[in-house]
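Read off the chains here:
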Amino acid sequence: MKMREFSIQTKKLEYLGYAQEELSLNVIEDHLYYELDVPQEYIKNLELTENALYIKLIDKVRYFNEDWYVNIQRIA
């Protein structure tokens, strides 16, 4: 199955060293782009709610074997 959308519970992000009250889209973007090396142009949409982070990736690129993609799958 080719997954292009991820839903990550904000509780799981605490394992990465972020307390829920510290979470913002800016903090998450920095982590995705600089820690996980996700190319910015591959992110279609990011949405942060009180309980979850939703990540949608673009459809036009083959990235399923990329390290950053595998890391996102592990977190989700």
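Check the entry above for the structure.
Small disclaimer: the values here were computed from a predicted structure and weren't measured. (Residues numbered from 1 in each chain as written. Predicted model: local features only at pLDDT ≥ 70, side-chain atom pairs only at ≥ 80, totals over all residues. Heavy atoms only, no water.)

> Break down the nonpolar core for me, citing the residues and quoting the values.
By size, the foremost hydrophobic cluster in this structure holds 21 residues, and its most contacted members are Leu32, Ile43, Ile55, Leu57, Trp68 and Ile72. Among the elements of the structure, β1 (5-9), α2 (25-35), β2 (43-48), β3 (52-57) and α3 (67-75) are those that each provide at least two residues to this core. The element contributing the most residues to this core is α3, with four residues. Excluding residues that lie within four positions of it along the chain, Leu32 makes contacts with Asp37, Val38, Ile43, Leu46, Ile55 and Ile72. (Core = buried A, V, L, I, M, F, W, Y, C linked by side-chain atoms within 4.5 Å. Buried < 20%, exposed > 50% of the residue type's maximum accessible area, 1.4 Å probe, protein only. Helix = DSSP H or I, 4+ residues; strand = E, 2+ residues; numbered from the N terminus. Contact = heavy atoms within 4.5 Å.)

> Please set out the pairing of β2 residue by residue, giving values where relevant.
Pairing of β2 with β3, which is carried by five bridges, proceeds in the antiparallel orientation. Among the inter-strand pairings, Asn45 is bridged to a residue of β3, identified as Lys56. Here β2 folds back onto β3 in antiparallel fashion, the turn holding three residues. (Pairing = 2+ DSSP bridges.)

> Give me the pairing of β3: which residues, what numbers.
Bridging between β1 and β3 involves five bridges; their strand directions are antiparallel. Opposite Ser7, over in β3, you have Tyr54 as the bridge partner.

> I'd love a proper account of a negative patch on the surface, names of residues and values included.
On the surface, a cluster of negative charge is made up of Asp30, Glu35, Asp37, Glu66 and Asp67. Position of Glu66 relative to the elements: it lies in the loop between β3 and α3. (Patch = residues over 30% accessible without salt bridge, like charges linked within 9 Å, V, L, I, M, F, W, Y side chains within 5 Å. Areas by Shrake-Rupley, 256 points an atom, 1.4 Å probe, with all protein chains shown as cover. Salt bridge = Lys/Arg side-chain N within 4 Å of Asp/Glu carboxyl O. Lys, Arg positive; Asp, Glu negative; His and termini not counted. Charge placed at Lys NZ, Arg CZ, Asp CG, Glu CD.)

> Let's hear about the side chain of Thr10: which residues, and what values?
With respect to the element layout, Thr10 can be found in helix α1 (residues 10-13). With relative accessibility at 2%, the residue Thr10 sits in the buried group. Within the structure, Thr10 has its side chain in polar contact with the backbone oxygen of Glu50 (distance 3.3 Å). (Polar contact = N/O pair within 3.5 Å; in protein donor to acceptor, adjacent residues only side chain to side chain.)

> Residues and numbers for unusual backbone geometry, please.
The backbone of Asp37 sits at a positive phi, close to 60°, despite the residue not being glycine. Structurally, Asp37 is set in the loop between α2 and β2.

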